[in-house]
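Structure assessment
The lines below spell out each chain.
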Amino acid sequence: MRVRVDGQEKSALPGQTVAGVLLAGGRVSWRTTRNGDRPRGVFCGIGVCFDCLVVVNGVPDVRACQRVVADGDEIRTQLGAELPGSAS
Amino acid sequence: MNRVVVVGAGPAGMAAARAAAATGVEVVLVDSAQGLGGQYHRRAPESLGGNEIPPIPGVRHLAATTVWALEPVPGGHRLHLRTGPADAPGRQATVLDTAALVLATGAYDRALPFPGWDLPGVFTAGAAQALAKGQKVAVGSRVLLAGTGPFLLPVAESLIGVGARVLGVLEANIPVGGWLRDPLALLAGRAKAAELARYVTMLARHRVPFRPRTTVIAAHGTDRVTEVTTARLTADWRVRPGSERRVPVDAVCVGFGFTPQLELAVAAGCRLAGEFVEVNEAQATSVAGVFAAGEITGIGGADLSEAEGVLAGLAAARLLGGQGETPRRAIAAVRAGRRFAAALDRAHPVRAGWQSWLAEDTLICRCEEVDYGALCRAVRDRDAIGVRSLKLVSRVGLGACQGRTCGRNAADLVGGLDPAGLARRPIAAPVRLGELATTPVHPNERDTS
Amino acid sequence: MVVSVAYSDVVVVGAGVVGAACAEALSAAGSTVTVLDRGAPASGTTAAGEGNILVSDKGPGAELELARASRSRWPELLAELREELGPALADVEWEPKGGVVVATSAESAAPLAEFAAAQRAVGVDARQVTPAEAAELEPHLTPRVVTAVHYPEDAQLQPVLAATTLLAAVRHRGGQVRAGVAALGVERGANGAVSGVRTSEGVLPCGAVVNACGPWAGAFAEAAGAPIAVLPRRGMVLVTGPLPKTVWHKVYDADYVGAVTSGEAGVQTSTVIESTGAGTVLIGSSRQLVGLDETMRVEVLRELARKAVALFPVLAGVPVLRAYGGFRPYAPDHLPVIGADPRLPGLWHATGHEGAGIGLAAATGRLIAELVTGRPTHVDAEPFRVDRPGVLL
Ligand SMILES: Cc1cc2nc3c(=O)[nH]c(=O)nc-3n(C[C@H](O)[C@H](O)[C@H](O)COP(=O)(O)OP(=O)(O)OC[C@H]3O[C@@H](n4cnc5c(N)ncnc54)[C@H](O)[C@@H]3O)c2cc1C
Ligand SMILES: Cc1cc2nc3c(=O)[nH]c(=O)nc-3n(C[C@H](O)[C@H](O)[C@H](O)COP(=O)(O)OP(=O)(O)OC[C@H]3O[C@@H](n4cnc5c(N)ncnc54)[C@H](O)[C@@H]3O)c2cc1C
Ligand code: FES
């Protein structure tokens, strides 16, 4: 499977989560907080903490550790609070 | 209505579903994950060399299905479900009514705040475990584990298994074998003792140092963790002056026990006993037709969860006329497991000294970026000492995780906050507003009557 | 346990926004005040309110007059408190952002225009705007707007901050705020008047008691031996995740006006949409007569969501993080109850503000202080008197 991460093509395997793909590729953060602009990535790994939020196919606030990738997914960094459908 | 519905497909939920199905009643097992197993039995997908847990005979498993709300209806409860990719808009909406509900929603790691704990590269121990087991990735290559309780040991093993170098396991309490001195617990936990011995051997083989009364008190780095400060602790977890050491790492994993995942139990109105769901010997909660099993009733490991699941599943099935033999083994296992759990709890408490690790600007609430100073001001200047007023004054717990991460710690810092109030999340998992606006379908109209 | 026997001129029972406002005004007038709450301060209905300070939803009449008085009092009061307490403690996220009421059908357009005209006649700033002007005020608004009215006077604050700021002022002036103390009844002196409040921690001697128990005001009044009719009306609010600024005013559907004054059972929703200082959007609220039943009903939330998405289609993809609810305290005739209890000298009521207690608190506090200290009132207190039909039991 192919996905794009911040514009770059990456290969992915069925059953991998977005976090799995990103961490395997050496990324530890893919979101910034809306007040302090702090970088964040996985913290709890099981869908509880909502730190790993990412934009998938134009939809923000997707938990990367819970979302299983699909072929062609467009994944990008989430910058603070975003409105669905808006370009970053 | 005339079916057993089990929420959570971990050791407790799977056992409940299996036990209920064995009596011949209709059983539906719901879990937000793709596969069965929950935390303990988490498997990697086939593409990464894993093998799925086979389906349970007689049980309809609704995978990738989240229960986002629960409400009472005449004769039972109604679950509101969303099926589809996590957090995607437009997942399928269904409702499921049941007169016999088993809640087995498990628990998640408790992380204590310390300066720098919000840097990328700081994980919970469970995250490292879930990523190693489920995704075959190591959260770092030089990893330090810190916290309290025997759970740190399987995490060390998994990390080593996916190629990480574990620099050490730091246990804030006395050595992990401490609870073995409790004769009752030893009796109860013979299998556990063997498991523990295996881990100790494993650590030795990989030359992983195990340090008691030690922890990580700060993480350093600009956009990710590059170093941590470790320190020796006093009996109540204050830092021993002069014991601080800097250790270069690329990941640190912390776990200070577990917090139960209570929102559905609270929505159902189940009474709590302390932090956990109160159950009787048949795993019945205070609410008729609602049973609870596994770590929402107390932290005691997978075996205890499974045994409780057997009891809960059977009790739920009996409510619908299912017949089954008295599960003597499970009853004995629950009894022994609870003793063991109590001993574990005594040996690995979270001690108040952690509060001294905090700096004024240490975040307490990661989502809303509320620091310790702001929390203290809310209490001191505005008398924000109730759950609702504390949240609305300081914004602690009002963010995306709805206090799952910070609630417990805020409760310790402020004192006197109601645990049920902290776990009240009528929306148990986020739904998109447009999803909420659409009408769900009743999958089995004929038998929801 | 040390029982506090210090005498207070006034004991205010209930530390919600109404009790806090009464206590603030009384202490400003020189009274020594003790505020009691059986729970934590500002954790009752006040913590469930949205913080709308509205003139737009009220037709000509007594409540509109109180609302207008309160709308002008709030910023004045906050400025005074900023002087007294400093900016941090006086911060209540006050936003005079204005309201926009829209009609999305021909049926609701005419009543809205009529309603606004009646309000204008009594001095409310209600500006009828075209759909194009509405779109300029609210760029994400549905294109289905038929007509709209802009109310520049509508404002917003954060109710828990407001209540805790008022209570901080009371403490600053030497008053006491006691959490976790329940009022169980009143003591009467030889002349039959109130001489103290019986509490879970003993008797507090005082000269007067203000019943500001919100939806529980009926229960306290009864315990005091002077029952009044105050009923609860359930309300739920949805909160989205934080967003970049998407909604600029308080925006609501014209059908709100109908819901406020209706006494029917069952569920009604009317959607007021507004963003908060924290970036979340509040969508509220429903009105349901279910007694003090706290059970969350998904159907109620669904109705709120439907209406919100209809007004702001862009919100469809936004996550809903939480839902919360409370009980609006109302009197059978839907007017606040503010004044002396004719049966029991020294007992005062300040309750029944229904869905507007936050907005009305500033004027209510002032009015109670004026009445208790025997000064001329700044608004006509007559319509809110306790001995009106249906209120005295
Ligand atoms: C991340 C993590 C990893 C762990 N790994 C190990 C380990 O390797 N070894 C070990 O001994 N112990 C481990 N534990 C401890 C472990 O939690 C327990 O021993 C055991 O798994 C508890 O079983 P349970 O059935 O109570 O709950 P869990 O196994 O936690 O299962 C609960 C299930 O409920 C589901 N669920 C919860 N809420 C909802 C909802 N609203 N809708 C749908 N589904 C829902 C979850 O998806 C989950 O699958 C781990 C704990 C955590 C948090
Ligand atoms: C969903 C919803 C949305 C709303 N939105 C708005 C809005 O936008 N704008 C607006 O103006 N209003 C709004 N309201 C209405 C507003 O919240 C109420 O009118 C207002 O908060 C009432 O305040 P109160 O101080 O009278 O009551 P409360 O805040 O309920 O305070 C009463 C206090 O009395 C205490 N108490 C009760 N009995 C006793 C006793 N015997 N002894 C000691 N203490 C006692 C309680 O613990 C409580 O803290 C809304 C209400 C709801 C439910
Ligand atoms: S890492 Fe916590 S929700 Fe994904």
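Before reading further, recall that the structure is shown in the block above.
Model, not experiment: these values are computed from the prediction.

Residues and elements named next belong to chain B. Strand order in the open sheet formed by five strands is β3-β2-β1-β7-β20, and the pairing between neighbours is parallel. Each edge of the open sheet carries a strand with a single partner, namely β3 (59–62) and β20 (290–292). Across the sheet, the axes of successive neighbouring strands diverge by a mean angle of 20 degrees, strand direction being ignored. Pairing between strand β1 (residues 4–7) and strand β7 (residues 100–103): four bridges, direction parallel.

Applying the stated criterion to the full structure yields four cavities of 30 Å³ or more. Forming the walls of the largest cavity are 24 residues, and the residues nearest its centre are Leu 53, Asp 61 and Gln 78 of chain A, Ala 400 of chain B together with Pro 242 of chain C. Mapped onto the lining of the largest cavity, the elements with two or more residues apiece are β23 (431–432) of chain B together with β16 (319–330) of chain C. Residue composition of the lining of the largest cavity, grouped by class: 10 nonpolar, five polar and nine charged. Approximately 100 Å³ is the volume attributed to the second largest cavity. Lining the second largest cavity are 14 residues, with Tyr 108, Asp 109, Arg 110, Ala 111 and Thr 405 of chain B positioned closest to its centre. Along the lines of polarity and charge, the residues of the lining of the second largest cavity split into seven nonpolar, three polar and four charged.

All names here are of chain B. Within this structure, the stated rule accounts for 49 salt bridges over all chains. A salt bridge links Glu 26 to Arg 60; its shortest N-O distance comes to 4.0 Å. Taken together, the positions of Glu 26 in the loop between α1 (11–22) and β2 (27–30) and Arg 60 in strand β3 put the pair 34 residues apart, joining distant regions of the chain. Note that Asp 412 and Arg 110 form a salt bridge whose closest N and O atoms lie 3.0 Å from each other. Highlighted residues: Asp 412 in helix α11 (residues 407–414) and Arg 110 in the loop between β8 (107–109) and β9 (122–124), separated in sequence by 302 residues.

The subject of this paragraph is the environment of Gln 8 of chain A. Residue and element names in this part refer to chain A. Among the structural elements, Gln 8 can be located in strand β2 (residues 8–11). Judged by relative accessible area, Gln 8 falls into the exposed class, the value being 52%. Once the C-alpha coordinates of Gln 8 and Pro 60 are considered, the two residues, 52 residues apart in sequence, prove to be 18 Å apart.

The next point concerns the interface of chain B and chain C. Each partner contributes to the interface: chain B provides 33 residues, whereas chain C provides 44 residues. Overall, the association of chain B and chain C removes approximately 3300 Å² of surface from exposure, summing both partners, and the carbon and sulfur fraction of that is 59%. The largest contributions to the chain B side of the interface with chain C come from Arg 382, Arg 388 and Leu 433 of chain B, which together make up 24% of the buried area. Remark: the boundary between chain B and chain C carries two salt bridges. When the shortest N-O distance is used, the salt bridge between Glu 71 of chain B and Arg 297 of chain C registers 3.7 Å. Secondary-structure elements contributing two or more residues to the side of chain B that touches chain C are β4 (65–73), α9 (372–382), α10 (387–394), β23 and α13 (433–437) of chain B. Taken together, the residues that form the side of chain B that touches chain C break down as 17 nonpolar, eight polar and eight charged.

Right, let's talk about the interface of chain A and chain B for a bit. Every contact between the two is made by 35 residues of chain A and, on the other side, 40 residues of chain B. Here chain A meets chain B over a buried area of about 3200 Å², counting both sides, of which 58% is carbon and sulfur. Per-residue buried area on chain A facing chain B is highest for Phe 43, Ile 46 and Val 48 of chain A; these three make up 22% of the total on that side. One can count six salt bridges joining chain A with chain B. We note a salt bridge from Arg 38 of chain A to Glu 369 of chain B, for which the minimum N-O separation is 2.6 Å. Where chain A touches chain B, the interface holds 19 residue pairs in polar contact (both at pLDDT 80 or more). When residues of the side of chain A that touches chain B are traced back to their parent elements, those giving at least two are α1 (18–24), β4 (39–40) and β6 (59–63) of chain A. Looking at the side of chain A that touches chain B element by element, the count peaks at five residues for β6 of chain A.

Here the focus is unusual backbone geometry. Although it is not a glycine, Asp 37 of chain A adopts a positive phi angle of roughly 55 degrees. Tracing the backbone shows Asp 37 of chain A in the loop between β3 (31–32) and β4. Despite not being glycine, Gln 283 of chain B has its phi angle at roughly 70 degrees, a positive value. Within the element layout of this structure, Gln 283 of chain B appears in the loop between β19 (276–277) and β20.

Trp 357 of chain B together with Val 12, Val 35, Trp 74 and Val 210 of chain C are the most contacted members of the largest nonpolar core, which has 116 residues in total. By residue number, the principal contributor to this core is helix α5 (residues 159–172) of chain C, which donates nine residues. One finds Val 21 of chain A together with Val 139, Leu 153 and Cys 253 of chain B within the second-largest nonpolar core, a separate group that totals 45 residues.

It is worth spelling out the site of ligand 1 at this point. Around ligand 1 sit 31 residues, and of these Ala 12, Asp 31, Gln 129, Lys 133 and Glu 295 of chain B come closest. More than one chain reaches ligand 1: the nearby residues come from chains A and B. Between ligand 1 and Lys 133 of chain B there is a distance of 2.7 Å, counted from an oxygen atom to a side-chain nitrogen or oxygen. The backbone of Glu 295 of chain B places a nitrogen or oxygen atom 2.8 Å from an oxygen atom of ligand 1.

Residues and elements named next belong to chain C. As a matter of local geometry, ligand 2 sits amid 37 residues, with Asp 37, Thr 45, Thr 46, Glu 354 and Gly 359 nearest to it. Contact between ligand 2 and Gly 51: an oxygen atom at 3.3 Å from a main-chain N or O atom of the residue. Between Asn 52 and ligand 2, the recorded distance is 2.9 Å, taken from a backbone N or O atom to a nitrogen atom. Counting the residues that make up the shell around ligand 2, at least three belong to each of domain 1 (8–73 + 159–230 + 334–384) and domain 2 (99–152 + 231–330).

Residues and elements named next belong to chain C. With burial as the criterion, each face of strand β13 (residues 250–253) is covered, one bearing Lys 250 and Tyr 252 and the other bearing Val 251 and Asp 253. Where strand β4 (residues 99–103) meets β13, four bridges bridge the pair, whose relative direction is parallel. Opposite Val 102, over in β13, you have Asp 253 as the bridge partner.

Before going further, it helps to examine the packing of aromatic side chains. Counted under the stated rule, the structure contains five aromatic pairs over all chains. Measuring from ring centre to ring centre gives 6.2 Å for Trp 237 of chain B and Trp 357 of chain B, while their planes differ by 15 degrees; the resulting arrangement is stacked. Here Trp 237 of chain B is found in the loop between β14 (227–232) and β15 (245–248), whereas its partner Trp 357 of chain B is found in the loop between α8 (328–347) and β21 (363–365), with 120 residues between them in sequence. Across the pair, exposure class does not vary: Trp 237 of chain B and Trp 357 of chain B are buried alike. Taken together, Trp 237, Phe 256 and Trp 357 of chain B form an aromatic cluster joined through their ring pairs. Sitting over the face of the ring of Tyr 199 of chain B, Arg 198 of chain B holds its NZ or CZ atom 4.8 Å from the ring centroid. When the ring centre of Tyr 330 of chain C is taken as origin, the NZ or CZ atom of Arg 233 of chain C, which lies over that ring, is 6.0 Å away.

Conventions and cut-offs
Residues numbered from 1 in each chain as written. Chains lettered and ligands numbered in written order. Predicted model: local features only at pLDDT ≥ 70, side-chain atom pairs only at ≥ 80, totals over all residues. Heavy atoms only, no water. Pairing = 2+ DSSP bridges. Helix = DSSP H or I, 4+ residues; strand = E, 2+ residues; numbered from the N terminus. Axes fitted to C-alpha atoms, helices over the stretch in contact; angles between N-to-C directions. 1 Å grid on protein atoms, 1.4 Å probe; cavity = no way out; pocket = protein on both sides within 12 Å on 5 of 7 lines; lining within 4 Å. Points joined across faces, edges and corners; volume = space filled by probe spheres on them. Nonpolar A, V, L, I, M, F, W, Y, C, P; charged D, E, K, R; others polar. Salt bridge = Lys/Arg side-chain N within 4 Å of Asp/Glu carboxyl O. Buried < 20%, exposed > 50% of the residue type's maximum accessible area, 1.4 Å probe, protein only. Contact = heavy atoms within 4.5 Å. Buried area = accessible area lost by both parts, 1.4 Å probe. Polar contact = N/O pair within 3.5 Å; in protein donor to acceptor, adjacent residues only side chain to side chain. Core = buried A, V, L, I, M, F, W, Y, C linked by side-chain atoms within 4.5 Å. Near = heavy atom within 4 Å. Domains from an automatic or database assignment. Phe/Tyr/Trp six-rings, centres within 6.5 Å; stacked < 30°, edge-to-face > 60°. Lys NZ or Arg CZ within 6 Å of the ring centre and 35° of its normal.

Worth remembering: the numbers are spatial, not functional.
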